[in-house]
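# Examination of the molecular architecture
Chain by chain, the residues:
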Amino acid sequence: MTDKKGFEVQLEEHFLAGAPAIYIQSAEEARVDELLIRLKQKLQLKRIHEWNLGYGWVGFDNKQPLSNLESSKTELEHALLALLDADLEQSLIVIKGARLALEHNTLAVARLKQLLNSIERHHAGECSVILVSEAVCIPPPIEAQVTLLPLPLPSRAEIKALLAEVEARGQLLVPDHLSDLAVSGLSGLTYSEMAQLLRMVGRQTTTLDEQSLNTILHEKEQIIVKSGVLEMVRVDAGVSDIGGLENLKQWLEQRSTIIRRLDEATRQGVKTPKGVLIAGMPGCGKSLTAKVAAGLFQLPLLRLDIGSLLGKYVGESEHNMRRALSMAETVSPCILWVDELEKAFVGMGGGNASEVTARLLGYFLTWMQEKTGAVFVIATANDITALPPELLRKGRFDEIFYVGFPNPVEREKILGIHLGKSGQHVADLQMDELVNLCRDYCGADIENSINEAVATAFIHGGALTQKHLKDAIGSTIPLRETLREQVAKYEDLFEKLKLRPASEYQGLSVAQMIKMAADPNHVKREEVARNPDCPGDQLERLSKDAQRSVAEAVYANPRCPEHVLSIRLNVRKGQPLYDPAMFKLACLNGNAPQDLLIRLIDEDVLDDDLRTSLAACAKGEALQTKLAGDRLASVAAGLIFNPSLLPRVRAKLLEDGKSSIKQAFAKHPELPESEQLLLLTNASAALKATLSKHPRLSAAIQMRLAQDPEQEVRVKLASNPILSREVQQVLAGDLRYPVRRSLSENPGLSLDESHKLKLKKDVMENRHRW
Ligand code: ATP
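Here we summarise the structure given alongside this text.

Criteria and cut-off values
Residues numbered from 1 in each chain as written. Predicted model: local features only at pLDDT ≥ 70, side-chain atom pairs only at ≥ 80, totals over all residues. Heavy atoms only, no water. Phe/Tyr/Trp six-rings, centres within 6.5 Å; stacked < 30°, edge-to-face > 60°. Helix = DSSP H or I, 4+ residues; strand = E, 2+ residues; numbered from the N terminus. Buried < 20%, exposed > 50% of the residue type's maximum accessible area, 1.4 Å probe, protein only. Lys NZ or Arg CZ within 6 Å of the ring centre and 35° of its normal. Near = heavy atom within 4 Å. Polar contact = N/O pair within 3.5 Å; in protein donor to acceptor, adjacent residues only side chain to side chain. Nonpolar A, V, L, I, M, F, W, Y, C, P; charged D, E, K, R; others polar. Domains from an automatic or database assignment.

## Thoughts on the packing of aromatic side chains
Within the structure shown, the criterion is met by five aromatic pairs. With centroids separated by 5.8 Å and ring planes inclined at 70°, the aromatic side chains of W251 and F401 adopt a geometry described as edge-to-face. A residue pair is termed long-range when its members are at least 10 positions apart, and W251 in helix α10 (residues 246-260) and F401 in strand β12 (residues 399-403) qualify at 150 residues. Accessibility expressed as a relative area gives 0% for F401, which makes it buried. With centroids separated by 5.7 Å and ring planes inclined at 50°, the aromatic side chains of Y578 and F583 adopt a geometry described as tilted. Given the relative accessible area of 23%, Y578 is considered partly exposed. Its relative accessible area of 3% is what places F583 among the buried residues. An aromatic cluster is defined as three or more aromatic residues linked by ring pairs; in this entry it consists of W251, F297, F376 and F401. Its end group placed over the ring of F60, K63 keeps NZ or CZ at 4.3 Å from the ring centre. The ring of W337 is capped by R303, whose NZ or CZ atom sits 5.5 Å from the centre of that ring.

## A word on the site of the ligand
The immediate surroundings of the ligand are formed by 17 residues, with G283, K286, S287, N382 and E447 found nearest. Residue S287 places a side-chain N or O atom 2.5 Å away from an oxygen atom belonging to the ligand. Elements supplying a minimum of two residues to the shell around the ligand: α12 (286-297), α17 (408-421) and α19 (443-459). Residue composition of the shell around the ligand, by class: seven nonpolar, seven polar and three charged. Split by domain, the shell around the ligand shows at least three residues from each of two domains, domain 3 (239-403) and domain 4 (408-475).

Put into structure tokens, the structure is as follows:
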């Protein structure tokens with residue numbers, strides 16, 4: 001954690017306060033040396049003794065061994081003997097590589113302890129041992145005498161100073177307008193990493209520009225990756241890439257307003273947002289949201305893979321966690337995305353692992369609580385059963401969201417987004433059908449299905465069709481099925497914990513439905529049975545409900561599974577479980593298997609009414625074709641008005657030529673000109689009269705009918721309000737009174753005023769003659 005006081009001040013204070021040993025946790029030995037030199041100068045110390053693993057005692061200024069390496073023993077336990085009669089007044093004793101030197105070395109630890117005791121007794125406040133190492137290892141015997149001071153990564157001010165030095169040396173010019181960006185680009189790196197990077201850029205250009213900034217960012221990504229604890233994620237997703245999750249998106253948008261104007265917000269007493277925990281189903285957009293948030297907040301995104309923090313050495317996990325968090329703080333303002341948070345806490349049950357995870361948790365919680373920098377944490381987790389309750393308590397995170405399987409509105413949006421990304425036109429597709437087909441699918445399942453369909457269409461060399469999509473959705477096994485038990489467990493828990501839903505309320509959640517399906521109150525069970533998003537297994541259960549209205553609601557549910565319908569359709573009249581109302585509902589359900597319905601028609605099981613009703617909603621081609629051949633005119637009429645009637649079946653019906661069918665067609669509101677023409681060929685007067693009233697009659701057909709020899713046809717036509725002015729003029733020239741009267745009463749009459757008046761006067765004068 002970055003302390004509010006500067007590191008140098010803390011070092012000086014601990015030294016003066018008489019700390020016998022100070023453990024500087026850092027891998028930057030050169031930077032530590034500079035700090036010690038400044039301390040020596042400031043406090044006017046006499047000397048700095050330095051010991052390192054390779055050469056034993058060395059000159060602090062030149063790092064040259066002080067004794068003959070051939071003849072003397074350089075190990076710490078021997079080297080410490082040399083201090084027995086050394087002058088320790090006003091001095092620092094630096095031990096580099098402290099962890100390796102002390103680990104498993106009881107003699108060295110014991111001798112060091114003697115030295116610390118002696119400093120405590122005789123030289124408090126004028127001498128300290130400075131232990132330096134990247135990783136911390138403080139052996140228990142000296143624990144009480146050692147003060148741990150992790151050296152934070154260089155601050156923005158220190159980076160600025162370094163840039164000024166580089167500029168002063170003529171190594172690289174940093175224009176003012178790029179200075180802040182350069183500091184942000186370098187933050188999170190050690191001094192030596194920064195110096196190396198700047199040298200590299202300096203070799204390519206004399207003045208820092210956008211391109212070299214990109215190089216810095218790229219190299220920084222590599223360095224951050226190499227650290228093994230964080231990954232820098234490039235973001236190219238925007239809010240519009242997330243389908244649904246409206247509550248979560250809105251919440252993030254609000255937080256982004258604060259983060260983007262943090263200084264102003266802080267002045268007005270607004271607390272810096274800490275972060276959010278997004279828990280929920282796999283593949284439902286948690287990671288996507290973290291990426292989108294980075295774009296929204298206009299901040300870099302650092303991903304922390306908790307699993308990779310867990311080390312095999314004592315203290316390694318904590319060290320890694322500390323390093324990751326401090327790196328994030330230095331890069332701040334930034335978003336720290338803690339992916340799969342639950343992984344850190346899997347061992348909490350007991351044993352040694354649980355001690356480590358408990359310490360990790362403690363450290364993480366304290367950091368969350370105390371962090372002052374603008375590091376916004378987005379933690380994501382699938383299995384929140386593995387998370388310790390402390391983490392879920394309010395106050396740790398600003399909010400905890402639950403992301404469930406997408407509801408129908410969200411599925412439509414997700415389909416639209418991914419179809420759009422593949423360059424497909426949604427307008428040509430029946431989205432309702434697709435939305436229904438991918439009911440149990442998470443966002444990732446939907447994306448996979450679309451990718452699959454697009455690939456299939458390409459392989460077959462054609463445009464993407466509804467069928468490609470339906471086949472791909474059908475052949476994708478949704479996550480909900482693969483992880484059935486786990487999903488049920490999560491859903492149950494999310495419901496119990498009453499987490500805030502990421503999606504806008506769109507009716508009942510699956511967890512709520514599962515609960516309600518077992519409710520003793522039949523009204524509640526019925527509500528679930530009617531819900532088109534009710535999971536199939538629940539519908540199957542409710543189809544056997546003792547309450548009749550509940551079972552009926554299941555058969556009427558457009559999502560009723562095929563096998564549940566088949567069972568009902570196989571119960572025939574006369575059998576004990578036969579129920580005509582439920583049989584009818586099952587027949588008319590769009591999911592009822594076509595082959596079974598065709599068999600029932602062949603066996604004459606479906607009466608006239610049922611076949612007529614079925615014709616009005618039948619979907620598949622085989623079933624529609626079967627019904628198109630039905631002897632009953634009402635069945636054909638039902639088919640003609642069926643909104644899902646397939647063009648091939650429609651054409652077959654038109655060709656059929658039965659007058660009742662033609663009459664039905666002539667009344668169909670959607671009748672293209674080609675079909676109007678077909679109907680007109682060899683049409684009877686009655687058919688032409690019906691057609692004359694059609695609200696979409698084409699101009700050419702209007703004209704043909706206006707010249708029809710049959711008066712009945714012209715009379716009907718004259719009353720059609722959509723007639724063109726030319727046709728009205730032709731009819732106005734008709735001398736037959738019934739035609740003229742019908743035209744004069746036409747509400748769409750658009751003749752010019754003099755013609756209109758003449759026509760009306762004519763009709764008035766002649767009315768008695770007819
Ligand atoms: P996991 O827990 O398995 O990591 P996750 O919840 O983090 O899953 P993502 O990785 O965000 O899920 O989702 C995988 C992919 O699925 C996304 O990259 C995106 O393409 C698609 N996806 C998921 N949910 C949505 C959504 N709501 N809108 C658009 N696309 C989505």
